[in-house]
Amino acid sequence: LAWERGEADWRDLAEAKAGEDPELCSDPRCAAALDIFGGSLAIPIKIHEGRHHHEHVVAVVVLYSFSFDRLNNTPPGYVPTVGRDLARYVQDSMSLCVQLHYTESEWKTFKPGILVPQLDNHQAPHISSPVSSADFPEAPPPAPFLITFFKKMRGQKASPPKPNSAEFCLVTFIGCFLSLLALSATQEALRHHLFNDEEMVLLIGSFGALATLLFAAPVAPLAQPRVVIGGHLISASVGILADYLTNDDYLGILPQWVASALAPALAISLMAATGLTHPPAGACSLIYISGNDRIKSLGWLFVVSPVILGSLMMLGVALIVNNLSKHRKYPLFW
């Protein structure tokens, strides 16, 4: 969270362990810290980068305390401490984290732009500059490209996610079932009463992936309403525009097999550029560009139904089911 937001993040871990912090209690990676510590403070390490000196987070230092009291009511950019040792540890850690992130030559370039959080005079001594790079041994010569390339495939020794509780799995099942049932039932009802038994498209494959995010990972940034609607809107629109390039009734300048790769690639890139990256939405453009005549006959109505209408229905179920659980709160942001 500190990495994503670029701000200091302090947490009452006892509250999270009790299920009152939706951003932590549903994340199995936090289980070990919740069992041991009472408070945490995450400090993003930033540097100035580029001609316009944009701030860029390159590392995060996380400090843990057995009691949350010493970390409570801490303004962002300040490190609470009762002694000089902790302040020096934070200073050393920041410099070391940034140096490890870059090669030796890059380190010399970026070192002057490191931002060190200011410490409150009543809490800890002011840190005026990072530790000198002369204190660190010289970096070894870079390994050959192929060796480095294949070493990355060994994995980063991170722990795989642990199984979730029976209650979590039950809520996930109920949410997925009800949301997809609502889409399926609506599709069937509309087909009989409004479309004279003609095929009506409301339930598409990407909604299965959407259900996974909404109910199995409701605290993930990729599962929040703004991302769900925005990502689907971008991806569906790109799929329709790409069809103009392949359809002989329009431009017809692009082979279908090229458009099937181009549309999702462009949609995903646009979602990333706008901060609306949503994995299920990435399938929308592919569903349209590779779909049958019934799908393509919808044209821009495809954006309205099934894409936006189906997404709103699933979000409605997610708001109800997730918030009925005492261990969940949804959404994190709109």
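I will try to describe carefully the structure that is included in this document. None of the values given here were measured: they were computed from a predicted structure. (Residues numbered from 1 in each chain as written. Predicted model: local features only at pLDDT ≥ 70, side-chain atom pairs only at ≥ 80, totals over all residues. Heavy atoms only, no water.)

Moving on to the overall build of the protein. Within the protein one finds 14 helices and 4 strands. Classification of the 334 residues of the protein by burial places 40% in the buried group. Contacts spanning at least 24 positions in sequence make up 68% of the contacts within the protein whose residues lie at least 6 apart. Only carbon and sulfur atoms are counted for the fraction: they give 61% of the accessible area of the protein, which is about 19100 Å². (Helix = DSSP H or I, 4+ residues; strand = E, 2+ residues; numbered from the N terminus. Buried < 20%, exposed > 50% of the residue type's maximum accessible area, 1.4 Å probe, protein only. Contact = heavy atoms within 4.5 Å. Areas by Shrake-Rupley, 256 points an atom, 1.4 Å probe, with all protein chains shown as cover.)

In this section: the nonpolar core. Of all hydrophobic cores here, the largest spans 28 residues; its most connected members are Phe207, Leu210, Leu214, Phe215, Phe302, Val307 and Met314. Here the element with the most residues in this core is helix H14 (residues 301–324); it accounts for 9 residues. Listed in part, the 8 residues of the second largest apolar core include Ala8, Leu41, Ala59 and Val61. (Core = buried A, V, L, I, M, F, W, Y, C linked by side-chain atoms within 4.5 Å.)

Our next topic: H14. End to end, H14 covers 34 Å across 24 residues, agreeing with the expected 34 Å (1.5 Å per residue, within 8%). At Ile308, H14 shows its largest bend, some 30 degrees. (Expected span 1.5 Å × (residues − 1). Bend = angle between axes of the 7 residues up to and from the residue.)

The subject of this paragraph is the packing of aromatic side chains. All told, the structure shown has 5 aromatic pairs when counted by the stated rule. Between Phe149 and Phe150, the ring centres sit 5.1 Å apart and the planes meet at 75 degrees, which makes this aromatic pair edge-to-face. Their ring planes at 10 degrees and their centres at 6.0 Å tell us that Phe173 and Phe177 sit as a pair that is stacked. With Phe173 and Phe177 both in helix H8 (residues 166–193) and 4 residues apart, this pair spans about one turn of that helix. (Phe/Tyr/Trp six-rings, centres within 6.5 Å; stacked < 30°, edge-to-face > 60°.)

Below, the discussion takes up the environment of Arg11. Locating Arg11 in the fold gives a position in strand E1 (residues 9–12). Among the residues examined, Arg11 registers a relative accessible area of 9% and is labelled buried. Along the chain, Arg11 and Tyr64 lie 53 residues apart, while their C-alpha atoms are 9.6 Å from each other.

Further remarks concern the pattern of salt bridges. Scanning all chains against the criterion turns up 1 salt bridge. The partner of Lys296 in a salt bridge is Asp243, with the nearest N and O atoms 3.4 Å apart. Placement of the pair is Lys296 in helix H13 (residues 293–296) and Asp243 in helix H10 (residues 225–246), with a sequence separation of 53 residues. For Lys296, a relative accessible area of 22% gives the class partly exposed. (Salt bridge = Lys/Arg side-chain N within 4 Å of Asp/Glu carboxyl O.)

Looking now at the side chain of Ser237. Along the chain, the position of Ser237 falls in helix H10. In this structure Ser237 comes out as buried when scored by relative accessible area, which is 19%.

Before going further, it helps to spend a moment on unusual backbone geometry. Cis peptide bonds are those with omega within 30 degrees of zero, and the linkage from Ser305 to Pro306 qualifies with 25 degrees. Its location among the elements puts Pro306 in helix H14. In this chain, Tyr330 is followed by Pro331 through a cis amide linkage whose omega measures 5 degrees. Within the fold, Pro331 resides in the segment after H14.

Here Trp300 lies in the loop between H13 and H14. For the pair Trp300 and Ala236, spaced 64 residues apart in sequence, the C-alpha to C-alpha distance is 8.7 Å. Leave out the neighbours within four places in its chain, and Trp300 touches Ser237, Ile240, Leu241 and Tyr244. A distance of 2.9 Å separates polar atoms of two side chains, one belonging to Trp300 and the other to Tyr244. (Polar contact = N/O pair within 3.5 Å; in protein donor to acceptor, adjacent residues only side chain to side chain.)

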